[in-house]
Amino acid sequence: MARNQEALTRIRVRTRRRKAASTVAISMGVIALALVTVPSVWIVAQVAWKALPHMSWSVITTPGVGLGGGLENEIVGTLMITFGVAVVAGFIGVMSGIYLSQFARGRAAGLLRGASEVLAGIPSIVVGYVGYISMVVTFHWGFSLGAGLITLSAMVVPYIAKTTEVSLGQVPSSYVEGAEALGLKPGQILRTISLRSALPGIATGLIVALAIAVGETAPLLYTAGYSQNLPHVALTHSPLGYLTYAVWTFYNEPSTRAVQLSFDAAFLLIVLVLALIAASRIIVARASRHRETA
Amino acid sequence: MASDLARRTEEPQAPRVFRPTTKSPLGPVKIASAVSAVAPLLALLAILGILVGQALPAVKYNGLGFFVHNVWHPGNFYLQPVTTNGVLHPAQAEYGAWAIIVGTVLSSLIALVIALPTSLGAALVVSKLLGPRVRSALGVFLELLAGIPSVVFGLWGTLTIGPLLSRDIYPIVAKHMPDVFILRWFRGSTGAGEGLLTSGIILAAMIIPIIASTSRDLFTQVPKLTEEGAEALGMTRMEVTTKVTMPWVSAGIIGATVLGLARALGETMAVAMVSGSVLGTLPTNIYSTFNTIAATIVTTLDSALIDGTGLAVRTLAEAALALMVVTLLANVGARLLVRKVSTTALPVGRGV
């Protein structure tokens, strides 16, 4: 009887300990959740706090002069590079996604898909170095928009290809079969049925890729170079500035204005990235609402 | 020969099967898309090929000692260049990447030690305790974290969190840490906030999106019935997690972790801004300034161009090649592992 009592107490103590351990683990998980949300909020708040007090239109509308001036040349440069990436990487990425989801089969599909995914994991400075050696030096393009946007495109094509492939794969097969039954040609089906219903997903992938392109530095430093002049519309032999360069060079200059410009550029980058993320969220939300009502 | 032919003609013809139109070739679209789909593979091969071509003379000159020695002397540019092993190089040039290899590995490991438990904890709480609305809210934070440019991480690290930590936190930790085994690394001079630990913290924030978003997706796919069964047997929430949920998706989590590690190893700008950028010195404690392979390439490539013999640029190619091979193997390994055991695909690149 006494032994039973003893065993029972031991079990009770153990249960209490196990429950306590579980509670501790859960609270640590909650702390971890808080920790995950801290850096993004902190960074955005900090950059806004440092940049907004001295933000003015002149920062956006005047090009850089030495360590002062504004960021117009960098803003125009970033927009040009981003637009170029949207065209080049957008085309290659979407086409690549179409091939992987519609035509590729078996081993070859696995190889191409794998190569694309692995390419996105290559360190950005390695891609930048190769872009520099091949295009800037060997092809004699010099620091230029062309070299910069091709290097950058190589880094973001995988995102676009992946999202295109996934969203095409999610098009209900009944849509395609219905179109087939109505006698549509494969090209028409792809264009009017599959691509149309996959469009929100494809657009989201493209936007995410652009957000990454806007924020890259290492692939551009030795391919696009830098210039304080407003960029020329030329693919080669014409270096151009971009916002990430301003953050990278001005932050440790011994001039208050330069450090301010660094934070201004960081703020503009965050605004651009946030706008792109918001756009992709809106597209996803609208697409899913549409799907529910349909 | 003749009998061969005879046998072939005797074989019954395969019946003609009606093939639906979808199987017919699409012509130009198919060709253009095939070319596009091959482009990433070609890019990958081109990057590898160019790096190997660039690095070859440096490999010949620096030898295998490159990976275990710790020197970084571009040589004397004022003396006549010399030829050794058939490679023209500045006199007294000597390269060894040991310090930047150690720096790369240590900073990434610190990042992993911080990011892995944080990501798993957050993913578990969100997927098991909270509803789908909170899950998508966490998604916003992770997307934002993955989207913040790495120079902005660097800016935050070098001007905000680094000084803050080195002023208010590091000295207290260094003072009270016992002088034993690994903890000894936390003692000693704490520096100005640029160094291993600060970089590790920044890197952790950068790889959390990869690990957290993947593990969140994995956790939500564990069958509810199995977990509820375990709970019905009297397991606590923690026991269900460690004994049922985690083992169910362990391969995926290993894959995501390796992917995060690869990203930390290759991260360039943020580390270049918060490492303190020293060349040729090994860290003495966890606050020491250091350098990584990627950061060394980005910060020294323009000065390497001064070397008229090209050895400095080619040596950077050798370092880049080593970095690329490691990240390549990590990526391929992680993806193969996960593909073999799980239906969840690993994220591409930054994990958005």
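Residues numbered from 1 in each chain as written. Chains lettered and ligands numbered in written order. Predicted model: local features only at pLDDT ≥ 70, side-chain atom pairs only at ≥ 80, totals over all residues.

Caption draft 1: Quick look at the overall build of chain B. The helix and strand inventory of chain B stands at 11 helices and four strands. Scaling as 2.2 N^0.38, a compact globule of 352 residues should have a C-alpha radius of gyration of about 20 Å, whereas chain B reaches 27 Å, well beyond that. Each principal axis of the C-alpha distribution contributes one length, and for chain B these read about 85 × 70 × 35 Å. Per-residue burial for chain B yields a buried fraction of 48% across its 352 residues. (Helix = DSSP H or I, 4+ residues; strand = E, 2+ residues; numbered from the N terminus. Rg over C-alpha atoms; globule rule 2.2 N^0.38 Å. Buried ≥ 20, exposed ≤ 12 C-beta atoms within 10 Å, placed from the backbone.)

Caption draft 2: Looking closely at the confidence of the model for chain B. All names here are of chain B. The share of residues in chain B with pLDDT of 70 or more is 91%, and the mean pLDDT across the chain is 86. Segment residues 1-11: pLDDT under 50, and zero contacts once partners within four positions in sequence are set aside and those in other chains are kept. Low confidence marks residues 18-23, where pLDDT is under 50. Its contacts with residues over four positions away, or in another chain, come to six contacts. (pLDDT = per-residue confidence, 0-100. Contact = placed C-beta atoms within 7 Å.)

Caption draft 3: Examining the domain arrangement of chain A more closely. Residues and elements named next belong to chain A. When its domains are assigned, chain A resolves into domain 1 (2-52) and domain 2 (57-293). For domain 1 and domain 2, the distance between their C-alpha centres works out to 39 Å. In this assembly, five residues from domain 1 lie in contact with five residues from domain 2. Here the residues of the side of domain 1 that touches domain 2 are counted per class, giving four nonpolar, no polar and one charged. (Domains from an automatic or database assignment. Nonpolar A, V, L, I, M, F, W, Y, C, P; charged D, E, K, R; others polar.)

Caption draft 4: Structural context of the interface of chain B and chain A. Each side of the interface is counted separately: chain B has 74 residues, and chain A has 75 residues. For the side of chain B that touches chain A, the elements supplying multiple residues, two or more each, are helix H2 (28-62), helix H3 (98-129), helix H4 (132-147), helix H5 (150-176), helix H6 (196-221), helix H8 (237-266), helix H10 (293-304) and helix H11 (311-341) of chain B. It is H2 of chain B that provides the largest number of residues to the side of chain B that touches chain A, a total of 17 residues. The residue inventory of the side of chain B that touches chain A, partitioned by class, reads 50 nonpolar, 18 polar and six charged.

Caption draft 5: Highlighting unusual backbone geometry. In this model, His 140 of chain A sits at a positive phi of 55°, which is unusual for a non-glycine residue. One non-glycine residue with positive phi stands out, namely Ser 277 of chain B, at about 40°. For Ser 277 of chain B, the position within the fold is in the loop between helix H9 (269-274) and H10. The exposure class of Ser 277 of chain B is partly exposed, given the 18 C-beta atoms found within 10 Å.

Caption draft 6: Just H5 of chain B, in detail. Helix length check: H5 of chain B (27 residues) gives 33 Å between terminal C-alpha atoms against 39 Å at 1.5 Å per residue, more than 12% under. Its maximal kink placed at Ser 166 of chain B, H5 of chain B deviates by approximately 45°. (Expected span 1.5 Å × (residues − 1). Bend = angle between axes of the 7 residues up to and from the residue.)

Caption draft 7: Highlighting helix H10 (residues 243-250) of chain A. Counted residue by residue, H10 of chain A has seven buried out of eight residues, so it is predominantly covered. Within H10 of chain A the residues assigned to the buried category are Leu 243, Thr 244, Tyr 245, Ala 246, Val 247, Trp 248 and Phe 250 of chain A.

Caption draft 8: Representation of the nonpolar core within the structure. With 186 residues, the main nonpolar core has Tyr 129, Val 156, Val 247 and Ala 266 of chain A together with Val 152 and Ala 320 of chain B as its most contacted residues. Residue contributions to this core reach at least three from each of two domains, namely domain 1 (2-52) and domain 2 (57-293) of chain A. (Core = buried A, V, L, I, M, F, W, Y, C linked by C-beta atoms within 7 Å.)

Caption draft 9: Focus on the packing of helix H3 (residues 72-103) of chain A against helix H8 (residues 186-215) of chain A. All names here are of chain A. Two numbers describe how H3 lies on H8: the axes approach to 9 Å, and their chain directions differ by 140°. On the basis of the axis angle, H3 is oblique to H8. Taken as a pair, H3 and H8 cross one another with a handedness that is right-handed. Facing H3, whose interface residues are Thr 78, Ile 81, Thr 82, Val 85, Ala 86, Ala 89, Gly 90, Gly 93, Val 94 and Gln 102, H8 presents Leu 190, Ile 202, Leu 206, Ala 209, Leu 210, Ala 213 and Val 214. Residues of the contact of H3 with H8, tallied by class, amount to 12 nonpolar, five polar and no charged. (Axes fitted to C-alpha atoms, helices over the stretch in contact; angles between N-to-C directions. Parallel < 35°, antiparallel > 145°, perpendicular 65-115°, else oblique. Left-handed = near helix turned anticlockwise from the far one by under 90°.)

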